[in-house]
Amino acid sequence: MLEHFTPWQRVILYVALGVWAVASAASMITSAAHLFSAMGSFALCISFVVFLTDRYMAQEARRRWDSQILTQSRMMWRYNNRIENPGAKDPTDLATLRDQISGNFDELLAAKAEERAIETFRYELLFSVAGTLQWGFGAMLIDLIKGA
């Protein structure tokens, strides 16, 4: 979930999550309904940061994938051209070109797997729903607990 963040950014996010958890628990214990609800909006903000960063990185992975497809196509064209026209001028020998095609194809598969891994938004979705519910219904929950 946080693989696209630098170590410092991860620390900041973990601190923010800790602040949210402690403040939410403290506001629930002290029956501070306004603070409990406000912490819901804070949780929603954290989930947006993570979600939008992951979306941006997914776009970058797709750009990389598209670029590698074009590169792969050009290398295969050069390879086929060299096989069909043995006298064709090309600075790269056939063995090197064949190795480049194989290596690039492996990179293509790795990029696609990376893109697939990015497309999971379970935690962001769960945190967004929890934060929205806390923000919208937190005061009612505190009032219900206080009244009980």
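Summarised in this report is the structure supplied together with it. Everything quoted here is computed from the prediction, not taken from an experiment.

Conventions adopted
Residues numbered from 1 in each chain as written. Predicted model: local features only at pLDDT ≥ 70, side-chain atom pairs only at ≥ 80, totals over all residues. Heavy atoms only, no water. Helix = DSSP H or I, 4+ residues; strand = E, 2+ residues; numbered from the N terminus. Contact = heavy atoms within 4.5 Å. Core = buried A, V, L, I, M, F, W, Y, C linked by side-chain atoms within 4.5 Å. Buried < 20%, exposed > 50% of the residue type's maximum accessible area, 1.4 Å probe, protein only. Expected span 1.5 Å × (residues − 1).

### Some thoughts on the side chain of Ser27
Right, on to step 1. Its place among the elements puts Ser27 in helix H1 (residues 7-29).
Right, on to step 2. Not counting the four nearest positions on each side in its chain, Ser27 is found in contact with Ala32, Leu35, Phe36 and Ile142.

### Section: the nonpolar core
Right, on to step 1. Within the largest apolar cluster, 10 residues are counted, these being Phe5, Leu13, Ala16, Trp20, Ala23, Met39, Ala43, Ile46, Val50 and Phe127.
Right, on to step 2. Sorting the residues of this core by element identifies H1 and helix H2 (33-84) as the ones contributing at least two each.

### Focus: unusual backbone geometry
Right, on to step 1. Backbone geometry places Ser31, a non-glycine residue, at a positive phi of 60°.
Right, on to step 2. Exposure remark for Ser31: the relative accessible area of 24% places this residue in the partly exposed category.

### Digging into H1
Right, on to step 1. End to end, H1 covers 33 Å across 23 residues, agreeing with the expected 33 Å (1.5 Å per residue, within 8%).
Right, on to step 2. What H1 keeps buried is the set Leu13, Ala16, Trp20, Ala23, Ser24 and Ser27.
Right, on to step 3. Directly beyond the C-terminal end of H1, a positive phi value near 60° is found at Ser31.

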